[in-house]
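Structure assessment
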Amino acid sequence: MKELIQELISTFSVSKSFFSSKKIERFIIFTNVLIIVNVWCYYDIKNSDVTDMILLISTLLAYGGWNTTQIRKDKLDNTQQ
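Sequence positions are assigned chain by chain, starting from 1 and proceeding in written order. Whole-chain, interface and lining totals are the exception, using all residues; otherwise, since this is a predicted model, local features are given only for residues with pLDDT of at least 70 and side-chain atom pairs are given and counted only at 80 or more. Side-chain measures were taken over the full set of non-hydrogen atoms in the model, leaving aside hydrogen atoms and water.

**Looking at the overall build of the protein**
Definition in use: Comment: elements are numbered from the N terminus, with helices defined as DSSP H or I runs of at least four residues and strands as E runs of at least two. Exposure is judged per residue with a 1.4 Å probe applied to protein chains only, and the accessible area is read against the type maximum: over 50% gives exposed, under 20% gives buried, and values in between give partly exposed. The Shrake-Rupley method, run with a 1.4 Å probe sphere, supplies the accessible areas, and residue values consider only the shown protein chains as cover.
Helices and strands together make up the secondary structure of the protein, namely three helices and zero strands. The N-to-C order of helical and strand elements in the protein reads α-α-α. Within the protein, buried positions represent 12% of all 81 residues. Total accessible area computed for the protein in this model is approximately 7,100 Å², and 66% of it derives from carbon and sulfur atoms.

**Considering the confidence of the model for the protein**
Spelled out, the test is: Values of pLDDT, which run from 0 to 100, indicate the predictor's confidence residue by residue.
Predicted confidence across the protein gives a mean pLDDT of 80, with 83% of residues reaching 70 or more. At the level of individual helices and strands, the protein shows its lowest average pLDDT in helix H1 (residues 2–11), which scores 73, and its highest in helix H3 (residues 50–80), which scores 84.

**Details of the packing of aromatic side chains**
Threshold: Stacked, tilted and edge-to-face are the three classes applied to pairs of Phe, Tyr and Trp rings, where Trp contributes its six-membered ring and a pair requires centres within 6.5 Å; stacked means planes under 30 degrees apart, edge-to-face means over 60, and tilted covers the rest.
Throughout the structure, instances matching the rule amount to three aromatic pairs. For the ring pair Tyr 42 and Tyr 43, a centre distance of 5.0 Å and an interplane angle of 80° mean the geometry is edge-to-face. Overall, Tyr 42 belongs to the exposed group, its relative accessible area being 65%. Here the aromatic rings of Tyr 63 and Trp 66 are separated by 5.9 Å at their centres, their planes lie at 35°, and the arrangement is tilted. With Tyr 63 and Trp 66 both in helix H3, this residue pair falls three residues apart, about one helical turn.

**What about a nonpolar patch on the surface?**
Using the following cut-off: Without a salt bridge and with relative accessible area above 30%, a residue can belong to a patch; like charges are then joined within 9 Å and nonpolar side chains (Val, Leu, Ile, Met, Phe, Trp, Tyr) within 5 Å. Salt bridges are defined as contacts in which a side-chain nitrogen from Lys or Arg sits within 4 Å of a carboxyl oxygen from Asp or Glu.
A contiguous nonpolar patch, built from Met 1, Leu 4, Ile 5 and Ile 9 and spanning about 450 Å² of accessible area, is present on the exposed surface. Tracing the backbone through its elements, the reader meets Ile 9 in helix H1. Residue classification places Ile 9 among the exposed residues on the basis of a relative accessible area of 59%.

**A look at the side chain of Ser 48**
This is how the line gets drawn: Between N or O atoms, a polar contact is any pair within 3.5 Å; within protein, one atom must be a potential hydrogen donor and the other a potential acceptor, and residues adjacent in sequence are included only when both atoms are from side chains. Every residue pair with non-hydrogen atoms within 4.5 Å of one another is taken to be in contact.
With respect to the helices and strands, the residue Ser 48 is situated in the loop between helix H2 (21–44) and H3. For Ser 48, a relative accessible area of 17% translates into the label buried. A polar contact of 3.0 Å, which involves the side chain of Ser 48, links it to the backbone oxygen of Ile 45. Look past the residues within four positions of Ser 48 in its chain and what remains in contact with it is Trp 40 and Met 53.

Okay, here's the thing in structure tokens:
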């Protein structure tokens, strides 16, 4: 347990750790966006039209593409080091 806490603390510092702060940051952003989208869909799905759905799906797909690009860049950086 103590080692886990030390790894979590070192994740947010400049020292190298088992966990990646970039991945944790992306996970938190993705989770928050997903919760917001689900709440919006739950409360406003009856009042939305096709344009709203296109905007919502386009935004989610754009985020997925950006996240995939960032993961690929991270893997490329790790292989070059």
